[in-house]
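Here's the letter readout for the chains.
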Amino acid sequence: MSAPVTVPGLDQAPTAHRRLLAWVREVAELTRPDRVVWCDGSEGEWRRITDELVDKQVLVRLRQKPNSFWARTDPSDVARVEERTFICSADEADAGPTNNWMAPAEMKRVMTELYDGSMRGRTMYVVPFCMGPLTAEQPMFGVELTDSPYVVASMRIMTRMGADVLDRMGADAPFVPCLHSVGAPLAPGQEDVAWPCSDVKYISHFPDSREIWSYGSGYGGNSLLGKKCFSLRIASVMGRDEGWLAEHMLILKLTGPSGQVKYVAAAFPSACGKTNLAMLEPTIPGWKVETLGDDIAWMRFGEDGRLYAVNPEFGLFGVAPGTDWKTNPNAMRTLAKGNSIFTNVAMTDDGDIWWEGMGEPPAHLVDWKGRDWTPESGEPSSHPNSRFCTPIEQCPILADEYADPRGVPIDAILFGGRRKTTIPLVTEARDWVHGVYLGATLSSETTAAAAGKVGVVRRDPMAMLPFIGYHAGDYFAHWIAMGKGASSGAAQLPRIFYVNWFRRGDDGRFLWPGFGENARVLKWVVERIEGTAAAVETPIGRVPAPGALDVSGLDLPAEDLELALRVDAAEWREEIPQVVEWFERFGDKLPGVLWAELDALKARLDAA
Ligand code: SAT
Ligand code: MN
């Protein structure tokens, strides 16, 4: 038997949590870091880590934003890697046709080999974190072990992290173990690169044991394991087993002119405007939006039978390009307060950040690859999936309810995607099951948020395609069952709508101006719930009746509005074979009621 390994810091654990202590030791013995640091989440720790990253030129301190930093990744490590993302359920059938699968024991064998010595020459940080308020009855704990100080700094922004969490965990609270290594060990004396990562990448989830193992990437979605890995993939499995929903949704609070308050959750795929909608400044008088979350919602029924949503995150990890004072002034105000990390954007000569969409480009920048850039360079200065990482509490329109562990009762759920054709600006589902059908058939053109081709139409159910941690057919069934779970009946369920801000005319122009003007659509949604706005029945659902959508003061050609709202039976008939093909992928796991919805839609289209 070999003697126990001594790693500096390993035994300085500020916790008596036995399972945690054993796991940290086990990982240290496998990955062989030079030292172990137990993170406390303090200001001092943030300063130490960011100073060190600045010294190593991984981060550049911005002169124009307080306590803020510019980061550039390796050009190969810029987005989530869906091809390398695995759901390792014991039974392959549980992963379903939309996930990559490997048997848990096989994945653990492969990755244990990769982790063997993978932290040599580096520090292993122990990052205790909590998704959702620490004051929750049952706080949702995770601990990430990582050899990336960039990940530690980002986790401090994106999650409640540090000593308070460890204290609250006590000696035996359950937690999700999240293991992360960039997969770039250093030999003695070997010089480090600015962005260590590996060509071999695995983002693996073990839903049965509720563990996450990530290797080879430092990019947010692959490495900040509290986010998509825990709060969506693993949490969706917890939700299935325990009767709640973990969804890729923003949460907003909408107050109307008479003071009426509605809470809206909205699911759009990555890089389709969730952050912008969450922080929208309405262009119509008397309406106010406050933000609760921009990416993830955990929803469960309250005792009153309503569906309550909590945002498990503590920060915003938003797409930078396109964010500007015009499109999202509240995001700009949030960022102006500093305390942020900007990744893969460009830097100005006076030490500020810049990206496409911020108006006139400066004469000179350093681009996301570290090269001199001028407006003549002929390529964007920032990667299309470049991101800002900033504390949500800096958002000037954060709703007070953000801190409430019970969450907010959701009145409306919006599904939406990015489609040039076919899908009208807004459609109301007839009932919950029809709404689930709309979500299950959601389609969108792919974006730069994931590695791969951009602009291809794919089905992205509930905007969760890359994030459902189990069989998507079972996930649809879970959604249907949730609709029956409202103790006081369907009246308490959120109403479901489908929106598309991205429809275009023949010449490619956007038919709807979007951004702050989307408040007009929210107004119609509220008025539908209150029973005061008119709608017309169409084969696909209810759309605003002529004149029902408030376009007062909006400079929009009547023809564009009509085209934006148009339901074209011929276009919809073309969708049907794609939906049939999509549904067939789920075999007998597809709930029969969804086939029935499709049949009814076909019949209505044929009659149209
Ligand atoms: O890359 S992340 O998963 O962190 C953001 C996103 O794609 O939605
Ligand atoms: Mn997202």
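As recorded in an unreviewed UniProt entry, the protein chain goes by Phosphoenolpyruvate carboxykinase [GTP] and comes from Dactylosporangium aurantiacum. You can read under Catalytic activity (unreviewed entry) in the UniProt record for the protein chain the words "oxaloacetate + GTP = phosphoenolpyruvate + GDP + CO2". Listed under Sequence similarities (unreviewed entry) in UniProt, the entry text for the protein chain is "Belongs to the phosphoenolpyruvate carboxykinase [GTP] family."

Asker: Help me understand the sheet that holds strand β18 (residues 341–343), please; the structure alone is not making it clear to me.
Answerer: Think of a sheet as strands paired side by side through backbone hydrogen bonds, with each pair either parallel or antiparallel. Spatially, β2-β3-β18-β23-β17 is the arrangement adopted by the five strands of the open sheet, whose pairing is mixed. The strands lining the two open edges of the sheet, one partner per strand, are β2 (59–61) and β17 (315–319). Pairwise comparison of adjacent strand axes, ignoring direction, gives a mean angle of 20° for this sheet. Note: β18 against strand β23 (residues 387–391), three bridges, orientation antiparallel. Opposite T343, over in β23, you have R387 as the bridge partner.

Asker: How do you make sense of the site of ligand 1 when you look at a structure like this?
Answerer: Every residue near ligand 1 is listed here: R80, G220, G221, K227, K228, S270, F317 and A449. Breaking the shell around ligand 1 down by element, the ones donating at least two residues are α7 (220–223) and α8 (226–242). Its residues placed into classes, the shell around ligand 1 shows two nonpolar, three polar and three charged.

Asker: Honestly, the nonpolar core in this entry has me stumped. Any pointers?
Answerer: Side chains of nonpolar character tend, in soluble globular proteins, to be buried together. Core analysis: the largest hydrophobic core is formed by 180 residues, its most contacted members being I251, A265 and A309. Ignoring any residue separated from it by four or fewer positions in sequence, one finds A265 in contact with M249, L250, I251, A297, A309, I410 and I413.

Asker: Explain the UniProt feature "active site" (unreviewed entry) in the protein chain here, please?
Answerer: In the numbering used here, UniProt assigns the feature "active site" (unreviewed entry) to C272. Within the fold, C272 resides in the loop between β13 (261–267) and α9 (274–278). What C272 contacts, discounting residues up to four positions off in sequence, is G416, G417, R418, S444 and T447.

Asker: Which parts of the structure should I look at to understand the sheet that holds strand β16 (residues 307–310)?
Answerer: Reading across from one edge, β11-β15-β16-β24 is the order of the four strands in this open sheet, with antiparallel pairing throughout. Strand pairing shows two members of the sheet lacking a second neighbour, β11 (245–247) and β24 (408–409), which therefore form its edges. Examined bridge by bridge, strand β15 (residues 297–301) and β16 share four bridges and lie antiparallel to one another. Residue pairing across strands places F301 opposite L307, the latter belonging to β16. Lying over the sheet, α8 contacts β11 and β15, oriented at roughly 160° with respect to β11.

Asker: Explanation requested: helix α10 (residues 329–336) in the structure shown.
Answerer: Note on helix geometry: an α-helix contains 3.6 residues per turn, so any two residues three or four positions apart are oriented the same way. Residues of α10 that are buried include every one of N330, A331, T334 and L335, and no others. Summarising the axial view, the buried residues of α10 lie within an arc of 140°, below the 170-degree limit, and thus occupy one face. Its buried side turned inward, α10 meets α9, β17 and β23.

Conventions used here
Residues numbered from 1 in each chain as written. Chains lettered and ligands numbered in written order. Predicted model: local features only at pLDDT ≥ 70, side-chain atom pairs only at ≥ 80, totals over all residues. UniProt positions renumbered as here; feature names shortened; annotations may be inferred. Pairing = 2+ DSSP bridges. Helix = DSSP H or I, 4+ residues; strand = E, 2+ residues; numbered from the N terminus. Axes fitted to C-alpha atoms, helices over the stretch in contact; angles between N-to-C directions. Near = placed C-beta within 6 Å. Nonpolar A, V, L, I, M, F, W, Y, C, P; charged D, E, K, R; others polar. Core = buried A, V, L, I, M, F, W, Y, C linked by C-beta atoms within 7 Å. Buried ≥ 20, exposed ≤ 12 C-beta atoms within 10 Å, placed from the backbone. Contact = placed C-beta atoms within 7 Å. Arc of directions from axis to C-beta.

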